[in-house]
Amino acid sequence: KISHCAQTIMAVLAHAQRHRGPPEMRELFTVILSALLLLCPVALSFSTDSPPRSQPPPASSIPDLSLSSSPPTHRSTIFPGSAPVDTKDLATLVLQTGQRGPASAAIGRPACCTCRHGFAQAYAMDPLPASTGRANSGLLKLTCPHLVRAVDALEDEGGIDALNERVNISPLPGEEKGLNGDGKWLREAVSEAHQVHARVRREMLSSDEDVAFLQNKLGEEGSLFFLDSGVAGATGSQPPSNSAIDVKCLHAWLADMLFRKAGASAVGEEVAWELQQRGVDLTGTPTCRSACDPDWDGDRPNPPAPRNRQRLRSGKEVARRKRRRRDDR
């Protein structure tokens, strides 16, 4: 209490010295307060057990907002093979996508970097970021402009249908043996990856608050569907054994491989192999740094256009969806 009194007197003294009244009054006020301070039996180095409210918090309790620290987020990343992002990672993400929205949901990057320039090529996303309140079905986002454009071209040339055909070539329960075991192996890999994504999403959104929010936003059935969705929000982590599988998005599968690596992400490895057959270097090019480096002071290429909006409007995507619905009947 004594130290608090002394601090109060010192604060008033500082105010008096800045007061714009007559000089004589300022001097008199200063003399009186200085005398009171001298009469207060307290050292200037206060040693109370609990610091007064006006004393600033110790430096250790102030969050470090330098580039090496993690920005404040709603939750931490727990996706396999991920590491926390820092503010420079988020600046790179904005440059790669040309959008600020994804940066508000990004919480992780691959722990093992495969980019020759050292930048994150994909990010783990908060499925329910506090900044937007929107439910993100996809847990991973491929962001490297070099890889995004390569996968765009692969999808435009029928890459999704080609991979779906390989995945679904295996015999379903009760059917004759298929042409080879390739599809069965890939089908199991798809199911396993869907389960990994669903498990991570459920663990991240396990609080009563998150569950209540999802049920209020999506309904009880919709919230369960959302929590159980797989890679890129694919339908159900455990689809019926007699249903055809749609890999849906090659970008998400390549991002899955960048996080979980080839041995654990067989479908992502297939996408990577297809790109390499086209001459795509997964580590980038000697000149692609300009698209990702926040410190780059030269010209930058434009980021790839948002893919999902384009595909929904394209005739190819409409035709592909109609074909998938017809095949599923």
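Residues numbered from 1 in each chain as written. Predicted model: local features only at pLDDT ≥ 70, side-chain atom pairs only at ≥ 80, totals over all residues. Heavy atoms only, no water.

Trainee: Where do I start with the packing of helix 4 (residues 145–156) against helix 9 (residues 266–277) in this structure?
Mentor: The angle between the axes and the distance between the axes are what describe a pair of packed helices. Close contact between helix 4 and helix 9 brings their axes to 11 Å; oriented N to C, the two are set at 90°. Classed by the angle they form, the pair helix 4 and helix 9 counts as roughly perpendicular. Across the interface between the two elements, Ala150, Val151 and Leu154 of helix 4 pack against Val271, Glu274 and Leu275 of helix 9. Here the contact of helix 4 with helix 9 is built from residues that sort into 5 nonpolar, no polar and 1 charged. (Axes fitted to C-alpha atoms, helices over the stretch in contact; angles between N-to-C directions. Helix = DSSP H or I, 4+ residues; strand = E, 2+ residues; numbered from the N terminus. Parallel < 35°, antiparallel > 145°, perpendicular 65-115°, else oblique. Contact = heavy atoms within 4.5 Å. Nonpolar A, V, L, I, M, F, W, Y, C, P; charged D, E, K, R; others polar.)

Trainee: Teacher, can you tell me more about empty space enclosed by the protein here?
Mentor: Gaps left between atoms are located by rolling a probe of water-molecule size over the structure's atoms. The tally for this structure, following the rule as stated, stands at 2 cavities of 30 Å³ or more. Looking at the lining of the largest cavity residue by residue, the classes come out as 6 nonpolar, 2 polar and 1 charged. For the second largest cavity, the calculated volume is near 30 Å³. In terms of lining residues, the second largest cavity is bounded by Thr77, Ile78, Phe79, Ile107, Ala124, Met125, Leu139, Val200 and Met204. Mapped onto the lining of the second largest cavity, the elements with two or more residues apiece are strand 3 (122–125) and helix 6 (182–204). (1 Å grid on protein atoms, 1.4 Å probe; cavity = no way out; pocket = protein on both sides within 12 Å on 5 of 7 lines; lining within 4 Å. Points joined across faces, edges and corners; volume = space filled by probe spheres on them.)

Trainee: Is there a simple way to explain the packing of aromatic side chains in this structure?
Mentor: Any two aromatic rings considered together are summarised by their centre-to-centre distance and by the angle between their planes. Under the defined criterion, the tally for this structure stands at 1 aromatic pair. Both rings, one in Phe79 and one in Phe259, keep their centres 5.6 Å apart while their planes meet at 80°; by these two values the pair is edge-to-face. Separated by 180 residues along the polypeptide, Phe79 in the loop between helix 2 (23–39) and strand 1 (82–84) and Phe259 in helix 8 (residues 250–260) bring together distant segments of the chain. With respect to burial, Phe79 and Phe259 carry one shared label: buried. A cation over an aromatic ring shows up here: Arg201 above the ring of Phe226, its NZ or CZ 5.6 Å from the ring centre. (Phe/Tyr/Trp six-rings, centres within 6.5 Å; stacked < 30°, edge-to-face > 60°. Buried < 20%, exposed > 50% of the residue type's maximum accessible area, 1.4 Å probe, protein only. Lys NZ or Arg CZ within 6 Å of the ring centre and 35° of its normal.)

Trainee: Is there a simple way to think about the environment of Pro303 in this case?
Mentor: Along the polypeptide, Pro303 turns up in the loop between helix 9 and helix 10 (307–313). Separated by 208 residues in the primary sequence, Pro303 and Leu95 have C-alpha atoms spaced 7.2 Å apart.

Trainee: Would you mind showing me how to read the sheet that holds strand 2 (residues 106–110) here?
Mentor: Two pairing modes exist for strands in a sheet, parallel and antiparallel, and in both the strands are linked by backbone hydrogen bonds. Across the sheet, 4 strands lie side by side as 1-2-3-4; this open sheet has antiparallel pairing. Of all strands in the sheet, those bounded by a partner on one side alone are strand 1 and strand 4 (140–142). Neighbour-to-neighbour, the strand axes of this sheet turn through a mean angle of 40°, independent of strand direction. Both strand 3 and strand 4 contribute to a ladder of 3 bridges, which runs antiparallel. Pairing of Tyr123 across the sheet is with Lys141, part of strand 4. On the sheet, helix 8 packs against strand 1, strand 2, strand 3 and strand 4 and is oriented at approximately 105° with respect to strand 4. (Pairing = 2+ DSSP bridges.)

Trainee: Just checking my understanding: could you explain the pattern of salt bridges for this structure?
Mentor: Proximity of charged atoms lets side chains of opposite charge pair with each other. All told, the structure shown has 11 salt bridges when counted by the stated rule. Put simply, Asp126 and Arg75 hold a salt bridge, and the shortest N to O gap is 2.6 Å. Residue Asp126 is located in the loop between strand 3 and strand 4, and its partner Arg75 is located in the loop between helix 2 and strand 1; the two are separated by 51 residues in the primary sequence. Accessibility classification places Asp126 together with Arg75 in one group, the buried group. Across the pair Glu270 and Arg166 runs a salt bridge, and its minimum N-O distance is 2.5 Å. (Salt bridge = Lys/Arg side-chain N within 4 Å of Asp/Glu carboxyl O.)

Trainee: How should I be thinking about the pairing of strand 2 in this particular structure?
Mentor: Walk down a regular strand and you will see the side chains alternate between the two sheet faces. Strand 2 sits mainly inside the fold: 5 of its 5 residues count as buried. Across 3 bridges, the pairing between strand 1 and strand 2 is antiparallel. Bridge pairing links Ala83 to Arg109 in strand 2.

Trainee: Would you take a moment to explain the confidence of the model for the chain for this structure?
Mentor: Note: predicted coordinates in regions of low pLDDT should not be interpreted at a detailed level. Chain-level statistics for the chain give a pLDDT mean of 77 and a share of 64% at 70 or above. Within the model, pLDDT remains below 50 along residues 40–73, and this stretch shows 33 contacts once partners closer than five positions in the same chain are excluded. pLDDT under 50 marks residues 172–180. Its contacts with residues more than four places away, or in other chains, come to 10 contacts. (pLDDT = per-residue confidence, 0-100.)

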